[in-house]
Amino acid sequence: MKTPLIFDASVKGRGAAALPASGVPEPAALPANMTRRNEAILPELSELDVVRHFTNLSRKNFSVDTHFYPLGSCTMKYNIKSCERAAAMPGFNDLHPFYTYLPGGSQEVSGALEMIYDFERILSEICGMDGFTCQPMAGAHGEYAGIRMIEAYHKAKGNNKKYVIVPDTSHGTNPASAAMAGYEVITIPSLPDGSMDIDALKSAITSEAAAIMMTCPNTLGLFETGVREISEIAHSHDALMYYDGANLNAILGKVRPGDIGFDVVHINVHKTFGTPHGGGGPGAGPVGVKSVLLPYLPLPKIVKGADGSFSVITDDADSIGKMAPFFGNFGVLVKAYTYTLLLGKEGLIDVAEKAVLNANYIMEKLKPYYDLPYDRRCMHECVFSASAQGKHGVSALDIAKFLIDREIHPPTVYFPLIVKEAMMVEPTETESKETIDGFIGIMIEAARLAETDPAILKNSPVHASIGRPDETKAARQIDVKMNCGL
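As a starting point, this report considers the structure included with it. (Residues numbered from 1 in each chain as written. Predicted model: local features only at pLDDT ≥ 70, side-chain atom pairs only at ≥ 80, totals over all residues. Heavy atoms only, no water.)

Moving on, we come to the overall build of the protein chain. From N to C terminus, the protein chain includes 15 helices and twelve strands. Computed over C-alpha atoms, the radius of gyration of the protein chain comes to 26 Å, within 12% of the 23 Å expected from 2.2 N^0.38 for 486 residues, which places it in the range of a compact globule. Within the protein chain, buried positions represent 47% of all 486 residues. Counted over contacts in the protein chain with a minimum sequence separation of 6, partners at least 24 positions apart contribute 71%. Carbon and sulfur atoms make up 54% of the accessible area of the protein chain, which totals about 24,100 Å². Distance between charge centroids for the protein chain: 4 Å, based on 44 positive and 56 negative side chains. (Helix = DSSP H or I, 4+ residues; strand = E, 2+ residues; numbered from the N terminus. Rg over C-alpha atoms; globule rule 2.2 N^0.38 Å. Buried < 20%, exposed > 50% of the residue type's maximum accessible area, 1.4 Å probe, protein only. Contact = heavy atoms within 4.5 Å. Areas by Shrake-Rupley, 256 points an atom, 1.4 Å probe, with all protein chains shown as cover. Lys, Arg positive; Asp, Glu negative; His and termini not counted. Charge placed at Lys NZ, Arg CZ, Asp CG, Glu CD.)

Shown next as C-alpha cells:
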C-alpha cells in the first residue's frame, strides 16, 4: 500500500502531547523582524500515527540487513554489530573533542588518541605506507586530501605540473578531485583485456604530469597487471602514483599498494572494513602516504612521546592544513579499528579470498546467459553486459527493475562507462552460498524471460511502491519542498 505524505495524513486538531502551562514569567518578545508572520504548518497526528508512518517508511528501504545487495564497486557488505557496540561505548561515545585542546586535556582523552594513533599504524602496515591520516570524512574527501598533498609536494620542489592522468575505467571522483585541485585531466584508454594501455600512457605522459590515479583492481573487477611498469613510468617523470582504495578489499593481505609503486592511498572504510556506507550515515576516508609526503599530512597530527603519552600537533607550516573538524568521523573510525582487531591478519586475508571466490563463482555461473566483455579471472566483482538481452528489447535497467520485485537490490548498472549495458555485480565476502545461488537463479530467470516474455521485465517492478520514475526529470528538476500555500 502506498504510504501518504505525513502532511496528507494530518487531521486538524489531533495531537500527540500537550505541555502544561508555563509557571514562569513570559520572556521578552523577540523583535518583529525575527518572528514568523504565519503559524508553522505542521502535521497534526497522534504519536501512534507518527510511529507507524516512519516505521512503515523504513520497511520500504533496501538494506544489507534485509536484502542481498550486490551493488558493484560500492561494496555493501554486512556491518558486524559488535563494531557498532564498540563505537557506542561511553569511553568513546561520551568524549568531547575539545578536551584535547584544554591544558592537560590530552590525558583525559588519551585512549581515543591512542586508538587513532594505533589505527593509523595498522593502516600503514596493510597498505605499505609510511604514515596515515584519519582526517578525511569520506573516500572522495580523501582523494582531495591526497591530491592536495601531491600539489604541495610539487610546489615545494618547484615542479611545473599541469595535469593528472586517469584510465578510462576510473571512478568519476578521480578526475573530479584532480579538477578541483586545478589540474587538467588526461584519460588513457583500456586495452581489449581491460587493462590500461601502457603504450598510450607513454605517448601521453610528459614532465608536466603531476600524478596517475588508478584503482587496482580496476572498475572492471580486473587486476592491473602492468601497474609496476606504470608506476616506473610515472616516477621517471616525477609524477606520483595515487591509489584509489575503493577496491582494496580484493587484495587485503595479498598485495600492498605501497609495494607496487603507489605513493598515496585512500581507504573507503565501509568497503574495506565493514562500516556503514557513507550514503547512509557518516563515512571516513583515511589517507596514507609514502615518506616524501609525510610533511604535508593534514592537521592535527597525533604523536606519541617517549613516555608513552599522546599529544597533538596543530601547527605545521608544511601541512595542507585541516580537512575536517577535530579528528574526522571518530565514531566511524572506532568501528573500522574494531573490525581490524576482530578479524586480525588472517581474517583480513580471508575477506579478500572469499570476496574474490564469490565473484568468480557468480561470473562462471552466469557466463552462459550474459555477455562477459572482459572474460578474465575477476577479482571481487564481475561486469556483465545486457547487450544480448537488448536483441529482445530488454535493457540492463529492465533487469535491475525485475530484481527489485524479487527483493534483491540491483547491481550497479551502466558503469563502468566503457561497457555497453553494464551490470556490475559485487557479492562481497559476507554472503552465503545459498544467498548467492538464489541470486544466480533469479538472474538466469531474467535472461530466459528476456527471450520468452520480455514484457514482464519491461513492466517491472510491480510490487514496489514506485514503478518507473522519470529518472532524468528527477535529476534535472529536483522538487523536494512541501507546498504549504505560503
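A word on unusual backbone geometry. The omega angle of the peptide bond from cysteine 216 to proline 217 is 5°, so this bond is cis rather than trans. Residue position: proline 217 is located in the loop between strand 4 (209-215) and helix 8 (227-236). Its identity is not glycine, yet phenylalanine 326 carries a phi of approximately 55°, on the positive side. Considering the arrangement of structural elements, one finds phenylalanine 326 in the loop between strand 9 (310-313) and helix 10 (330-366). Look at threonine 428: it is not a glycine, yet its phi comes out positive at around 70°.

The subject of this paragraph is the nonpolar core. The biggest cluster of nonpolar side chains holds 61 residues, and the ones touching the most others in it are Phe119, Leu201, Ile212 and Phe273. Each residue touching leucine 201, except ones within four places of it in the same chain, is listed here: Ile165, Ile188, Met196, Ile212, Ile230 and Ile233. Membership of the second largest hydrophobic core comes to 30 residues, among which are Met363, Ala396, Leu449 and Ala450. (Core = buried A, V, L, I, M, F, W, Y, C linked by side-chain atoms within 4.5 Å.)

Under the definition given, this model contains 22 salt bridges. Its salt-bridge partner being lysine 458, residue aspartate 398 comes within 3.0 Å of it at the nearest N-O pair. In this pair, aspartate 398 sits in helix 12 (residues 396-405) while lysine 458 sits in helix 14 (residues 454-458), placing the two residues 60 residues apart along the sequence. For aspartate 398, a relative accessible area of 2% puts it in the buried group. Its relative accessible area of 38% is what places lysine 458 among the partly exposed residues. (Salt bridge = Lys/Arg side-chain N within 4 Å of Asp/Glu carboxyl O.)

One pass over the full model with this rule turns up eleven aromatic pairs. Seen from their ring centres, tyrosine 101 and phenylalanine 327 are 6.4 Å apart, and the 10° between their planes marks the pair as stacked. Here phenylalanine 327 lies in the loop between strand 9 and helix 10 and tyrosine 101 lies in the loop between helix 3 (90-93) and helix 4 (110-127), a separation of 226 residues in the sequence. The exposure class assigned to tyrosine 101 is partly exposed, which follows from its relative accessible area of 35%. Since its relative accessible area comes to 10%, phenylalanine 327 is described here as buried. Taken together through their ring pairs, the aromatic side chains of Phe98, Tyr101, Phe326 and Phe327 make up a single cluster. (Phe/Tyr/Trp six-rings, centres within 6.5 Å; stacked < 30°, edge-to-face > 60°.)

The subject of this paragraph is the pairing of strand 10 (residues 382-385). Burial along strand 10 is two-sided: Cys382 and Phe384 facing one way and Val383 and Ser385 facing the other are all buried. The sheet contact formed by strand 10 and strand 12 (residues 422-425) spans four bridges and is antiparallel. The residue bridging cysteine 382 from the neighbouring strand is valine 425, located in strand 12. (Pairing = 2+ DSSP bridges.)

Moving on to helix 5 (residues 139-157). In this model, helix 5 (19 residues) spans 27 Å end to end at C-alpha, consistent with the 27 Å of a helix rising 1.5 Å per residue. Considered for burial, the residues of helix 5 that qualify are Gly139, Gly142, Glu143, Ala145, Gly146, Ile147, Met149, Ile150, Ala152, Tyr153 and His154. Against the buried residues of helix 5 lie helix 6 (173-180), strand 4, strand 5 (240-245), strand 6 (264-267) and strand 7 (287-289). Residue glycine 158 follows helix 5 closely and has a positive phi angle near 75°. (Expected span 1.5 Å × (residues − 1).)

On the secondary structure map, histidine 270 appears in helix 9 (residues 269-272). Residue classification places histidine 270 among the buried positions, given a relative accessible area of 11%.

This part is about the pairing of strand 4. The element strand 4 is extensively covered by neighbouring structure, given that seven of its seven residues are classed as buried. In the sheet, strand 2 (residues 163-167) pairs with strand 4 via three bridges, with the strands oriented parallel. Residue pairing in the sheet places isoleucine 165 in a bridge with isoleucine 212 of strand 4. The pairing of strand 4 with strand 5 spans five bridges and is classified as parallel. When the sheet's bridge partners are listed, methionine 213 is paired in strand 5 with tyrosine 242. This β-α-β element, strand 4 to helix 8 to strand 5, shows right-handed connectivity. (Right-handed = clockwise from strand over helix to strand, strands pointing away.)

What follows deals with the sheet that holds strand 10. Ordered in space as 10-12-11, the three strands form an open sheet in which the pairing is antiparallel. If you trace the sheet from one side to the other, it starts and ends with strand 10 and strand 11 (412-413), each paired once.

Quick look at the environment of aspartate 318 now. Mapped onto the elements, aspartate 318 comes out in the loop between strand 9 and helix 10. Note on aspartate 318: relative accessible area 46%, which makes it partly exposed. Sequence separation between aspartate 318 and alanine 152 is 166 residues; the distance between their C-alpha atoms is 8.1 Å. When near neighbours in sequence (up to four residues on either side) are disregarded, aspartate 318 contacts Pro295 and Tyr296.

Within the secondary structure layout, glutamate 381 lies in the loop between helix 10 and strand 10. Lysine 271 provides the closest opposite charge to the buried, salt-bridge-free glutamate 381, at an N-O distance of 7.5 Å. Polar side-chain contacts of glutamate 381 include one of 2.7 Å to the backbone nitrogen of serine 73. The residues contacting glutamate 381, other than those within four sequence positions of it, are Gly72, Ser73, Asn218, Thr219, Leu220, Gly221, Asn247, Ala359, Met424, Val425 and Glu426. (Polar contact = N/O pair within 3.5 Å; in protein donor to acceptor, adjacent residues only side chain to side chain.)

Spatial strand order, 1-7-6-5-4-2-3: seven strands in an open sheet with mixed pairing. What marks the edges here is a single partner per strand, and that holds for strand 1 (131-133) and strand 3 (184-188). Taking each pair of neighbouring strands and ignoring which way they run, the sheet shows an average axis angle of 20°. Running at roughly 170° to strand 5, helix 5 makes contact with strand 4, strand 5, strand 6 and strand 7 of the sheet. (Axes fitted to C-alpha atoms, helices over the stretch in contact; angles between N-to-C directions.)

Function-wise, these values are silent; they only describe arrangement.
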